[in-house]
Protein chains: 2
Amino acid sequence: MLFCRFASTASRRLRPTISQLLAQEPDPQVILSVTGHIKSVRKQKRVTFAAVSDGSCPDGLQAVLSPDDAHTLTNGCSVRLTGRLVQSQGKGQAKELQVDKCEVIGTCDPEIYPIQKQVLSTEYLRDHVHLRLRVDSIASMLRVRQCAVDAIHDYFRREGFTHVHTPIITGNDCEGAGETFRLSPVAHRAGSSLPPTEFFDRTAYLTVSSQLHLEAFAHAISRVYTLSPCFRAERSQTNRHLSEFWMLEAEWGFVDRVGDICDIVEDSIKHILNHPGLVGDLDVLWSNGDAERKQGVLEAKGMTPWARMSYTEAVKELEKVKSKFESEPIWGKPLKSEHERWLADQVVKGPVFVTDYPSVLKPFYMRANDDGKTVACFDLLMPHLGELVGGSLREERVDLLDKAIEHHGLNKRDYSWYRDLRMYGGAPHGGYGLGFERLIGWMTGIENVRECIPIPRWAGKLLL
Amino acid sequence: MLFCRFASTASRRLRPTISQLLAQEPDPQVILSVTGHIKSVRKQKRVTFAAVSDGSCPDGLQAVLSPDDAHTLTNGCSVRLTGRLVQSQGKGQAKELQVDKCEVIGTCDPEIYPIQKQVLSTEYLRDHVHLRLRVDSIASMLRVRQCAVDAIHDYFRREGFTHVHTPIITGNDCEGAGETFRLSPVAHRAGSSLPPTEFFDRTAYLTVSSQLHLEAFAHAISRVYTLSPCFRAERSQTNRHLSEFWMLEAEWGFVDRVGDICDIVEDSIKHILNHPGLVGDLDVLWSNGDAERKQGVLEAKGMTPWARMSYTEAVKELEKVKSKFESEPIWGKPLKSEHERWLADQVVKGPVFVTDYPSVLKPFYMRANDDGKTVACFDLLMPHLGELVGGSLREERVDLLDKAIEHHGLNKRDYSWYRDLRMYGGAPHGGYGLGFERLIGWMTGIENVRECIPIPRWAGKLLL
C-alpha cells in the first residue's frame, strides 16, 4: 500500500485564537505562539508594545517586545509571536504576551499600505472593500453579525423550528414587491451553433423573499425559518437598501392571531440583543455613535412588551400633529418614513408594532380581517430606523385567496401550487421577514447598511 | 395613548412540538394539545389509531381516538388533538396521546390528494415539489440537513472560526470553473425611455465559489467559513450536479501543510456524522438503502485517520489495474470518476485524500510545490460517490502568483485586489470547499442530489 495514515487526536485541532487564550488563566511557564496582523506599534526606549489581532475579538492582544525584536514590525504585517502569557502590568488590558521570538511572516510597506492609521472615509473604505475587513469597526460588525446569527439559530431551535434552505433562483417574484433581477439566457456548449436560450423552462429570477416557499414547508413540517440572501434591483440609493441583503424569515402553522407573531418577533430580537458575546464589539461600534440612540437600544431590550397599535390608531395619532409632516397622514395611504419614525421616536419612544393595515396597501396573501377593509398584518417600526420587520397571517381560506389573487390582478394559474397548500390539509399560519442588515444597523448605530454587510452590492458598483 | 401592552413571560413561547413532548416524562393528569397533519389512520372496532406529525421528528405521535371522533380523519388533513400523553400499551412507540377532543382544521380529500400512501416515484414527487415535503423521506432529509448545519456551526465555532456571509452576485467567475449564470440588464423606472442597462458597473455573475472572497476575510480575521448557495449553469444532467447548490467553504491563515487542512476536513465531517440528532432520520433514509454502503459510512466515522496518498501514488495504483478502466490512467491527466471510485471503493475501502495534483490540472491560485510540477492541493474521494471536497494551500508568494495568473491566461488587472492580499501582510493560508448536497447524499444513501435539497434546480425545469 502506498498511502499512509497520520495520527489525529486533539479535541481542538487548531491552536487557540487570541480570544480563546484570553479566556484562560495565564500560565507563565507555558510557551505559546500567536499568529495575526499587527494593528499598532508603540515604541519606548527599552520596550516596544505591539497590538496583534487575529480577528477573534475586538481588542486583540498586547505584545511586549524588545526594541531589537520589534524593529521590523509595521502596521499590517503578519506575524508569529512566541512567548509567555502573563498578567499585564499596564493599564488597558488584563493580560499580555511577553515575546521571546518575533517572526514577520508577511511584510507590509507602511508607505503604500492603503489602510493607514488615521480615520479613513466610509467611501474610501468601500473602494477598498477587500482590505476594509482589517479595519476595527468592520471586523466588529462581522462579529456582531456572527453573534446575531448564533442567537437566531439558538432561539428558533428552542422554539422547535427547523432551519431550511429556500431557493435563490425562482420562477415567481413573490409579491411583485420591487424590481427583480432576471437571469440571462445561457449559451449552449462551446462550439454549438445554437443561440443562447433560457436555461430553465421559463424566465428565472433571483428571489425577493422566501415567504411563499416557506409556506410550503410550514404545511409539511409546521415551524420553519431561513436566513437567506434576497435581491432587489432597486436603483434608488438610500442608506437602508442594498441590492443583495440577508433576510430572516420565519413561518409557522396553527397560529391565528397577529399578536402571537409579534410575540415571537419581539422575543427573538431581544434574544439577539442579549447575546453575551456582543458587549465588546458594541462598545467599539457605539464609541463614535449617538448616545441617545444607543440608550434607545438598551431600553428596548428591557421594555416588556413592545408597544402595539393598529394602523387606524396610528393614523389618528399622526393626524393630531399633521402639520409636522410633508405628507398628510390619511387612512388608506401608506405610512411614509417620516410617519413611521414619528410613531417610534415620538409617540411610543421605542419599538412599535403597527397592525391591521388596509388591504389595498398590502400583498394578496395577507389574511383578510372580518371588517372587510383591513388585513391581519403588522410592521415593526424602530426608533431612528423605521420598518425593521413585516409580517402577517396568510390567507388560508381558498375562496378568499382566489378573490385576493383576482383582485390584485395576478394570474391564478401561477399560484395553483400555492392554492394546493390550502386545498390539502391547510391550516391558519403566518410569519414574518426581518431585514438582517437593518437589524445590525439598529443594534450598532451604523448609519448605512453598506457598512452592515461585509461586501455590499448596490446600483452602479460591483467590486470583487 | 391608543396602544396597549400585552404580558410576555414564557421562557418557551410556542406550545411544545411532538419531539419536545416525547422527550418529557408523560403526566396523564395534564391535558395538552398537539397540532399537525395526519399521516395514517388505522381503524379498529373500538378504537382508531392515527399517526400525527408536525415535522419535528421522524416518527410523529400515535393518537388513540374513539371511532366516533376519528371518522373525519383522512391522510393529509390538519388537526388539533387534545388529550393526555400516556405510556403506550402497544408496540412500536413508547408514548401515545389518548385523545379527548379531535378537531379537523383543514380537510384533505383522499380521492384527489396527490400524496397517496403508496410509494410515489421520484419523478412524480419532483413534479409535486411543493407537496413532497410531506413525504417522510423528504422530511427526514430536511432534518438531516438541519443536524449537519448545526454540527458545522458547532465545529467551526469551537475551532475559533467566524461565520461570514459572502456575496452571491459577483464580478469574478472564480476559477472559470464552469458555466456561470449572468444577470440580465435591468430596466430603468417604469415609463423611462432608456433601454435596460447593466445594473452594476460591469457584468454581474452568480457566484460559483466564495473562495477568493474568503481569502480576503482570512487576511483580516484569520479563520472564516461560510455555508453559501453556489451556482453552475451546467446543462449536463447527472445525479451529482445541481444548478443551485450549497457549499461549505472554510479558509484560514497561518497554515502551511496540506495535511493540516485534511485534518480539519476529516474532523469536521466526523463531527457531523456524530450528531446525536441524526439517528432516527438516518434509519428512515437507509431503510431502503444499500446495506453495504451504509456500513461504509459507519466505518468511515470510526476510521482514524482517513487514508492519504499523493496523486502520483494514486496513478501508480491505478496503472496496476488499468485494464479495468475505460480511460487509461496517465500521470498528468485528470482522474476520471471511475478512477476516483476505484481508489475509494477498492484500493482504500474508505475515504481517501488524494494530494499534490499536477499544476496543469488545477486553478491558478493553488500553491506551487518545490518540485515545480505539482501543487499543494487535495481532493477527498468517498466510496460510491467520488469527489466530496477539494482544497489547497493558496499561493501567497506574489512573484509565483503573478506567473500563475499569466500562465493560466488570466488578466492580471482583474486580480489586483487578490494580489493586494499578499502585498500587505500576506501569510500562508489555505482552505477547502465541500458540496453540501453531496455530503447529505453520501450520509443518507440518497441516490440523486435532487432529493438532497428541498427545492432543486436543474437545466430545463423551474418549479415554484
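Residues numbered from 1 in each chain as written. Chains lettered and ligands numbered in written order. Predicted model: local features only at pLDDT ≥ 70, side-chain atom pairs only at ≥ 80, totals over all residues. Heavy atoms only, no water.

Chain A appears in an unreviewed UniProt entry as Asparaginyl-tRNA synthetase from Thelephora ganbajun.

Enquirer: Help me understand the domain arrangement of chain A in this model?
Expert: Interface size, as often reported, equals the accessible area lost upon joining of the parts. Residue and element names in this part refer to chain A. Split into domains, chain A comes out as domain 1 (17-113) and domain 2 (132-462). Each partner contributes residues to the interface: domain 1 has 7 residues there, and domain 2 has 7 residues. In total, domain 1 and domain 2 occlude about 510 Å² of area from one another, counting both sides; carbon and sulfur atoms represent 44% of this. Applying the counting rule to domain 1 against domain 2 returns 1 salt bridge. Lys39 is the salt-bridge partner of Asp136, the closest N and O atoms lying 3.0 Å from each other. Inspection of the region where domain 1 meets domain 2 yields 4 residue pairs in polar contact (both at pLDDT 80 or more). Of the residues belonging to the side of domain 1 that touches domain 2, the class tally is 3 nonpolar, 3 polar and 1 charged. (Domains from an automatic or database assignment. Contact = heavy atoms within 4.5 Å. Buried area = accessible area lost by both parts, 1.4 Å probe. Salt bridge = Lys/Arg side-chain N within 4 Å of Asp/Glu carboxyl O. Polar contact = N/O pair within 3.5 Å; in protein donor to acceptor, adjacent residues only side chain to side chain. Nonpolar A, V, L, I, M, F, W, Y, C, P; charged D, E, K, R; others polar.)

Enquirer: So what exactly am I meant to see when it comes to the packing of aromatic side chains here?
Expert: The relative placement of two aromatic rings is captured by the distance of their centres and the angle of their planes. Enumeration over the complete set of coordinates arrives at 38 aromatic pairs over all chains. For the pair Phe200 of chain A and Phe181 of chain B, a centre-to-centre distance of 5.9 Å together with 15° between the ring planes defines the contact as stacked. Of this pair, Phe200 of chain A sits in the loop between β7 (169-170) and β8 (205-206) while Phe181 of chain B sits in the loop between β7 (169-170) and β8 (205-206), placing the two residues on different chains. In this structure Phe200 of chain A comes out as buried when scored by relative accessible area, which is 4%. Relative to Tyr357 of chain A, the ring of Tyr311 of chain A lies with its centre 5.1 Å away and its plane at 40°, an arrangement referred to as tilted. With a gap of 46 residues between them, Tyr311 of chain A in helix α10 (residues 311-319) and Tyr357 of chain A in the loop between β12 (352-355) and β13 (377-382) connect regions that are remote in the sequence. The buried category is assigned to Tyr311 of chain A, whose relative accessible area is 0%. Note that Arg126 of chain B overlies the ring of Trp458 of chain B, its terminal NZ or CZ placed 5.8 Å from the centroid. Directly above the ring of Tyr418 of chain B sits Arg422 of chain B, whose terminal nitrogen or CZ lies 4.0 Å from the centroid. (Phe/Tyr/Trp six-rings, centres within 6.5 Å; stacked < 30°, edge-to-face > 60°. Helix = DSSP H or I, 4+ residues; strand = E, 2+ residues; numbered from the N terminus. Buried < 20%, exposed > 50% of the residue type's maximum accessible area, 1.4 Å probe, protein only. Lys NZ or Arg CZ within 6 Å of the ring centre and 35° of its normal.)

Enquirer: Explain the pattern of salt bridges here, please?
Expert: Note on pairing: side chains with opposite charge can pair once their charged atoms come close. Throughout the structure, instances matching the rule amount to 52 salt bridges over all chains. Between Glu451 of chain A and Arg126 of chain A there is a salt bridge, with its nearest N and O atoms 2.8 Å apart. Of the two residues, Glu451 of chain A sits in the segment after α14 (436-444) while Arg126 of chain A sits in helix α3 (residues 122-127), which places them 325 residues apart along the sequence. A relative accessible area of 10% places Arg126 of chain A in the buried class. When the shortest N-O distance is used, the salt bridge between Arg293 of chain A and Glu447 of chain A registers 3.0 Å. Within this pair, whereas Arg293 of chain A is found in helix α9 (residues 291-302), its partner Glu447 of chain A is found in the segment after α14, the two being separated by 154 residues in sequence. If you follow the salt bridges from partner to partner, you end up with Arg13 of chain A together with Asp263, Glu266, Asp267, Lys270 and Arg308 of chain B in one network.

Enquirer: It is not clear to me how the packing of helix α12 (residues 398-407) of chain A against helix α13 (residues 416-423) of chain A should be interpreted in this structure. Could you clarify?
Expert: Relative placement of two packed helices is described by the angle separating their axes and the distance separating the axes. All names here are of chain A. Relative orientation of the contacting elements α12 and α13 amounts to 160°, with a least axis distance of 10 Å. Taken together, the axis directions place α12 and α13 in an arrangement best described as roughly antiparallel. When you trace α12 past α13, the crossing you get is right-handed. Contacts between α12 and α13 involve Val398, Leu401 and Asp402 from the former and Tyr418, Arg419, Arg422 and Met423 from the latter. Residue classes in the contact of α12 with α13 are distributed as 4 nonpolar, no polar and 3 charged. (Axes fitted to C-alpha atoms, helices over the stretch in contact; angles between N-to-C directions. Parallel < 35°, antiparallel > 145°, perpendicular 65-115°, else oblique. Left-handed = near helix turned anticlockwise from the far one by under 90°.)

Enquirer: Whenever I open this one, the pairing of strand β10 (residues 244-253) of chain A confuses me. Can you help?
Expert: One face of the sheet, then the other: side chains in a regular strand alternate in exactly this way. Residue and element names in this part refer to chain A. Counted residue by residue, β10 has 10 buried out of 10 residues, so it is predominantly covered. Here β10 shows two buried faces, one formed by Glu244, Trp246, Leu248, Ala250 and Trp252 and the other by Phe245, Met247, Glu249, Glu251 and Gly253. One ladder, built from 9 bridges, connects strand β9 (residues 223-231) with β10; its direction is antiparallel. Looking at β10, one finds that Leu227 is bridged to Leu248. (Pairing = 2+ DSSP bridges.)

Enquirer: Can you help me understand helix α6 (residues 211-221) of chain B in this one?
Expert: Given 3.6 residues per helical turn, the α-helix brings residues three or four places apart onto the same face. Residues and elements named next belong to chain B. Across the 11 residues of α6, 11 count as buried, placing the element largely inside the fold. Taken as a whole, α6 has its buried residues at Gln211, Leu212, His213, Leu214, Glu215, Ala216, Phe217, Ala218, His219, Ala220 and Ile221. Positive phi shows up at Ser222, right after α6, with a value of about 65°.

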